[in-house]
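Architecture and fold: a report
So you can see what is in the structure, the chains are spelled out below.
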Amino acid sequence: MLPLLFAAAGINAVVGFVAFETTRSEVREVAATRAGALAAAIAKTVDRSALVPQLVAQDAQVLALLHTTPLASDAQTVSRRLAQTAAETGTEVLYVLDRNGMTLASSNWDQPQSFVGRNFSFRPYFQNAAAGRPDHYMALGTTSMRLGYYLSHPVNIDGQFSGAVVAKLGVDMLERDWGVAPDIMLVVDEAGVVLLTNRPTWRFRTIHPLTEAQRDAIRVSQRYPSQELTPLPIQFSKDTATLNGGADVGDYLVSSIPLPQSHSQIYVLATAEPVWAHTVNAMVLSVGLLTLIAASYIFLEKRRESVRRHVEREARMRDILEQRVDERTADLQLANRRLRDAQGDLIQAAKLAALGQMSASLAHELNQPVAAIRGFAENGLILVERGRLPEASTNLREVVAMSERIGVITRHLKAFARRAPPDIGQVPLRPAVCHCLALMAGRMKELSVNVTVDVADELIVTAEEVRIEQVIVNLLQNACDAVSDAERREILIDADSSGAWIEMRVRDSGPGIALEILPRLFDSFFTTKSAGLGLGLSISRDIIREFGGRIEAMNATKGGSLFVIRLPAAA
């Protein structure tokens, strides 16, 4: 009998251990999913305005304000423009600091809590910008006393730090959706101060006592003015935590992930009560089952006549166990469905962020056919006034073709969202070049540019017609810009075949490409033009790569710039 008791105790311990570990793993997995969803929600809010400081830092009026002695009228003009940009992008406050951290212009310039005239050199986001590093920073506003997410970007003029552009985003609105969550959710800075939470009394308290060095750093940066920063009654141990006071006293399982692009950490504390409750239930069920088996054995040994009653009772217990197993299976299926829904939300958030980043590229690609439509329409009006109807009809057909081209470009955006394969086929190179020259004819005539084309009719590349024409038009536009101030305005387009590859070259008679900018020529948002976005060559490189080719830029041996495109020859 004693060995049987030891065996039963061992089995019960194993059942309890398996139940404990299984439930613990499930609770931690749900907590990790919630932490990821919270991080994605905050990242989505930040991503909507991530490029705003960088783009404002390149604005001509902002550069002029920081480059010269600032005038009140200039500062007010920039402030009005910042207010318009902040309203369009959903930014709470957008402001410009000089090299000493003094606010010269701000989107809230006409409000009682205006930032204009205030010095923020004590803020780490300014100090990092002064060191040439864009920064993400969360802190209480010293003026508004509202929690904000700050994005800063340095402004360099002639290679020297001249100031910074800062965007403040209001993130306290995220807490409104946390109240229904059963777990404790925290966003904690690098020092351990709670910034966002679904427990309002925990805000601006710490998850561990602060050192004197940490308090001095917070005091100097004025990150949390007028906050006592007292520690919470909480103790962390690896992946668990214990609350020793308040309404949430008890043990918790901890899941944490870093908040992207910041020094903060997201914590989700899931109560451990379900783990212990499930473990106890499993062990009680195990004891009951073992007791039933032992009792059955005893009854079978003592009284054979009780076999029928024992079988009936065992059948009833089996039904109860099966029902409990079915209920547990249903609970697990529901939990799995919720996990899949949460994963789908994360994927959708990532897709929306990617589509938001494509908006600047789409605007740049549509600019070419829209400009061509305007040129053909203006010429058509002149031809109609002069009674040259056949030629005007030709211009109208070109307008229709450009409209169809815009439709094709927008369909490319939909294809990207569906991750559909591109429509790559055989494209004759010479007709594509001629079509692009027709689009550029107006500007080339205005600049008196002499164009030479040496492309054979039999050269056919593997590409997509609309997008290869976009690349050619972009290179022709850059070539026209390069020769606009030159005495000799010439552009040469030639191509030849080397077996499996076709190489096309676009040369101009301009001043060439400066050696210091040549390595960055194809980088996104890099441009030497005052009105450019710096996306044309970057998009062109991505298009050529998708066709299986490559594009290179260099200075021609006889002067001017040279762009070389290598594409696979069609079969």
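See the structure printed just above.
Sequence order sets the numbering: in each chain, residues are counted from 1 along the sequence as written. In keeping with the model being predicted, local features are shown solely for residues with a pLDDT of at least 70 and side-chain atom pairs are shown and tallied solely at 80 or more, while totals for entire chains, interfaces and linings include all residues. Side-chain measures here rest on the full set of heavy atoms in the structure, leaving out hydrogens and waters.

Things to note about the nonpolar core
Considering soluble globular proteins, one finds that nonpolar side chains tend to be buried as a cluster. Working definition of a nonpolar core: buried Ala, Val, Leu, Ile, Met, Phe, Trp, Tyr and Cys residues. They are joined through side-chain atoms within 4.5 Å. Type-normalised accessible area, obtained with a 1.4 Å probe on protein chains alone, sets the label of each residue: buried when under 20%, exposed when over 50%, and partly exposed for intermediate values. Counting residues in hydrophobic clusters, the biggest one holds 51 residues, and the most contacted among them are L476, I491 and M504. Per-element tally for this core: the top contributor is helix α13 (residues 465–483), with nine residues. Not counting chain neighbours up to four residues away, the residues in contact with L476 comprise C436, L437, M440, M444, I491 and I493. Comment: elements are numbered from the N terminus, with helices defined as DSSP H or I runs of at least four residues and strands as E runs of at least two. Residue contacts follow a heavy-atom distance rule, with two residues in contact if any of their heavy atoms lie within 4.5 Å.

Some details on the packing of helix α11 (residues 429–439) against α13
Helix axes use the C-alpha atoms of the stretch in contact, all axes being lines fitted to C-alpha atoms, and the angles between their N-to-C directions lie in the range 0 to 180 degrees. Packing of α11 against α13 brings their axes to within 9 Å, and their N-to-C directions diverge by 50°. By the angle class used here, α11 and α13 are oblique. Both α11 and α13 take part in a crossing whose hand is right-handed. On α13, the residues touching A432, V433, H435, C436, L437 and L439 of α11 are E469, I472, V473 and L476. Ten residue types, Ala, Val, Leu, Ile, Met, Phe, Trp, Tyr, Cys and Pro, are classed as nonpolar, four, Asp, Glu, Lys and Arg, as charged, and the remainder, Gly among them, as polar. Of the residues assigned to the contact of α11 with α13, the class counts are eight nonpolar, one polar and one charged. To sort the angles, those under 35 degrees are grouped as roughly parallel, those over 145 as roughly antiparallel, those from 65 to 115 as roughly perpendicular, and the leftovers as oblique. By definition, any crossing whose near helix is turned counterclockwise from its far helix by less than a right angle is left-handed, and any crossing with a clockwise turn is right-handed.

Looking at the packing of aromatic side chains
Ring geometry is summarised as follows: Phe, Tyr and Trp rings, the Trp one being its six-membered ring, pair when their centres sit within 6.5 Å, and such pairs are stacked at plane angles under 30 degrees, edge-to-face over 60 and tilted between the two. Scanning all chains against the criterion turns up nine aromatic pairs. Relative to F115, the ring of Y95 has its centre 5.0 Å away and its plane inclined at 85°; by these criteria the two rings are edge-to-face. Here Y95 is found in strand β1 (residues 93–98), whereas its partner F115 is found in the loop between β2 (103–106) and α5 (124–130), with 20 residues between them in sequence. Taken individually, Y95 and F115 each receive the classification buried, so the pair is uniform in this respect. Their ring planes at 65° and their centres at 6.0 Å tell us that F126 and F161 sit as a pair that is edge-to-face.

Concerning the pattern of salt bridges
By salt bridge we mean one thing: a side-chain nitrogen of Lys or Arg within 4 Å of a carboxyl oxygen of Asp or Glu. Using the criterion set out here, one finds 22 salt bridges in the structure. The salt bridge involving R541 is made with D542; its shortest N-O contact spans 3.6 Å. The exposure class assigned to D542 is partly exposed, which follows from its relative accessible area of 40%. Taken together, the shared-partner salt bridges in this structure form one network comprising D494, D496, E503, R505, R507 and R566.

Describing a nonpolar patch on the surface
Taken together, the side chains of L300, V307 and V311 make up a nonpolar region of the molecular surface, amounting to roughly 220 Å² of accessible area. Tracing the backbone shows L300 in helix α7 (residues 273–302). Judged by relative accessible area, L300 falls into the partly exposed class, the value being 41%. Only residues above 30% relative accessible area that lack a salt bridge enter a patch, with like-charged residues linked at up to 9 Å and the nonpolar side chains Val, Leu, Ile, Met, Phe, Trp and Tyr linked at up to 5 Å. Surface accessibility in these figures is a Shrake-Rupley result with a 1.4 Å probe; residues are shielded only by whichever protein chains are displayed.

Thoughts on the sheet that holds strand β11 (residues 265–271)
Judged by pairing direction, the sheet is antiparallel, and its six strands sit side by side in the order β7-β6-β11-β10-β9-β8 without closing on themselves. Across the chains shown, the open sheet's two edge strands, defined by having one partner strand only, are β7 (194–197) and β8 (234–237). On average, each strand axis in the sheet is tilted by 30° relative to the strand beside it, whichever way the strands run. Pairing between two strands requires that DSSP report at least two bridges joining them. Pairing of β8 with strand β9 (residues 240–243) involves four bridges; the strand directions are antiparallel. Bridge assignment links S237 to a residue of β9, and that residue is T240.

Re unusual backbone geometry
Here the phi dihedral of F204 falls at roughly 65°; this positive angle occurs in a residue that is not glycine. Relative to the elements of secondary structure, F204 occurs in the loop between β7 and α6 (212–221). Its identity is not glycine, yet S448 carries a phi of approximately 60°, on the positive side. Relative to the helices and strands, S448 resides in the loop between α12 (441–447) and β13 (450–454).

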